[in-house]
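# Commentary on secondary and tertiary structure
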Amino acid sequence: EPGPVGPAMLSESDPPSLSSSQFGEWSTPVNLGPVVNSPLTDNSPELSKDGLSLYFGSVNRPGGFGSTDLYVSQRACTDMNDERCAWGTPVNLGPMINTSSIDGGPHLSRDGHWLYLISDRPGGFGSNDIWVSWRDDIHDDFAWEAAVNLGAPINTAELEAGPNLRGPEFYFHRGPAVGNTDIYVSRMHGNTFDEPTLVPEVSSPGFFDQRPSTRWDGHEMILSSDRPGGLGLQDIYVSTRQSNGVPWTTPVNLGTPINTQFQEQTPTITDDGTILLFSSNRTGNFDLYMAARIRKD
């Protein structure tokens, strides 16, 4: 029976590290369209490892449980230029995951067995907490068991959100319910978490630094922030490091065409570093967008 707090350290070895120079520039982001996006707010996209399932949060979508719920859209193939690979109508993940409270911010473990999410449902430590659900069948997007609170030391009376698991490193953001949020990391040992520590290189005191997302080699982190110097209220930034265990660089604004004068937030980068997903209100409502870049050989 799986433990209540999360997966054991993954046994997969890290792939060879990749420098930023081994990637091309990000493409112009593409709106995922009216089948996926609702007329209200859609955010926190997360792509499955095989690229065939898109998890995200949607606010007050008709037929939901109330407030923000988690949905999944599926596709048969990954070629964005092939109409046979179009995203299907999103489906609510159901009562094992969603409640009448806020349920959002999904993150899938690399092995596909664990779904991390944020929720302010009853039974938490206060504000938004990080919860986790298990499934035996990694190919069934509706086989999730009841979500369990991660507990201390991850969750506190403050807001915890933006979970991201990379090997034994568990990143997230934390802060007051009203005020700033910073990036933290906890190292996992089996099914237990070390006391989280602030990641000062990527945190900007007094501002919102949110939803850290790392490439699988652990050498690139994407996050959103409203720190000074951006193009809009909240922009997407990138930080890198030469090897695991050394400090991250000061985050750099991704610039245009990723960022605009509007809000870009809740980003995620795929393990291989070739796809960036985020939410933006550049066309009015918060919709989901996707950008891609090539990996140079």
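Every residue gets a number counted from 1 within its own chain, in the order that chain's sequence is written. A pLDDT threshold of at least 70 governs which residues receive local features in this predicted model, and a stricter bar of 80 or more applies before side-chain atom pairs are shown or counted, although totals over entire chains, interfaces and linings include all residues. To get the side-chain values, take all heavy atoms of the structure and skip hydrogens and water.

## Looking at the pairing of strand S19 (residues 264-269)
- A simple rule labels every residue: compare its accessible area, found with a 1.4 Å probe on the protein chains alone, to the largest value its type can have, and call it buried under 20%, exposed over 50%, or partly exposed in between. In this description a helix means any DSSP run of H or I spanning at least four residues, a strand means any run of E spanning at least two, and both kinds are numbered starting from the N terminus. Taken across its 6 residues, S19 has 6 buried, putting it largely inside the fold.
- Strands are treated as partners if at least two bridges between them are detected by DSSP. Judged from the 4 bridges that link them, S19 and strand S20 (residues 275-280) form a sheet pairing that is antiparallel. If you follow Glu 264 over to S20, its bridge partner there is Ser 280.
- Linking S19 back to S20 in an antiparallel pair, the connection comprises 5 residues, with Gly 273 at a positive phi of about 75°.

## A few points about the pattern of salt bridges
- In the sections that follow, a salt bridge refers to a side-chain nitrogen of Lys or Arg positioned within 4 Å of a carboxyl oxygen of Asp or Glu. Summed over all chains, the structure comprises 13 salt bridges.
- Among the salt bridges present, the one from Arg 293 reaches Glu 220, with a minimum N-O distance of 2.6 Å. Of this pair, Arg 293 sits in the segment after strand S21 (287-292) while Glu 220 sits in strand S16 (residues 220-225), and the two are 73 residues apart along the sequence.
- Take Arg 293: its relative accessible area is 10%, and that puts it in the buried class.
- One salt-bridge network, in which partners are shared between bridges, spans Arg 215, Asp 217, Glu 220 and Arg 293.

## Digging into the state of the cysteines
- Criterion for a disulfide: a pair of cysteine sulfur atoms at a distance within 2.5 Å. For the coordinates displayed, the defined rule picks out 1 disulfide.
- Two residues share a disulfide in this structure: Cys 77 and Cys 85, whose sulfurs sit 1.9 Å from each other. When the S-S torsion is -105°, as for the bridge of Cys 77 with Cys 85, the disulfide is left-handed.

## Here's the deal with the sheet that holds strand S2 (residues 41-47)
- On the basis of which strands lie adjacent, the open sheet formed by 4 strands has the order S2-S3-S4-S5 and antiparallel pairing. Two strands in the sheet have a free side with no partner beyond their single neighbour: S2 and strand S5 (91-92).
- For strand S3 (residues 53-59) and strand S4 (residues 68-74), the ladder comprises 7 bridges, and the chain directions are antiparallel. Counted as the bridge partner of Leu 54 is Ser 73 from S4.

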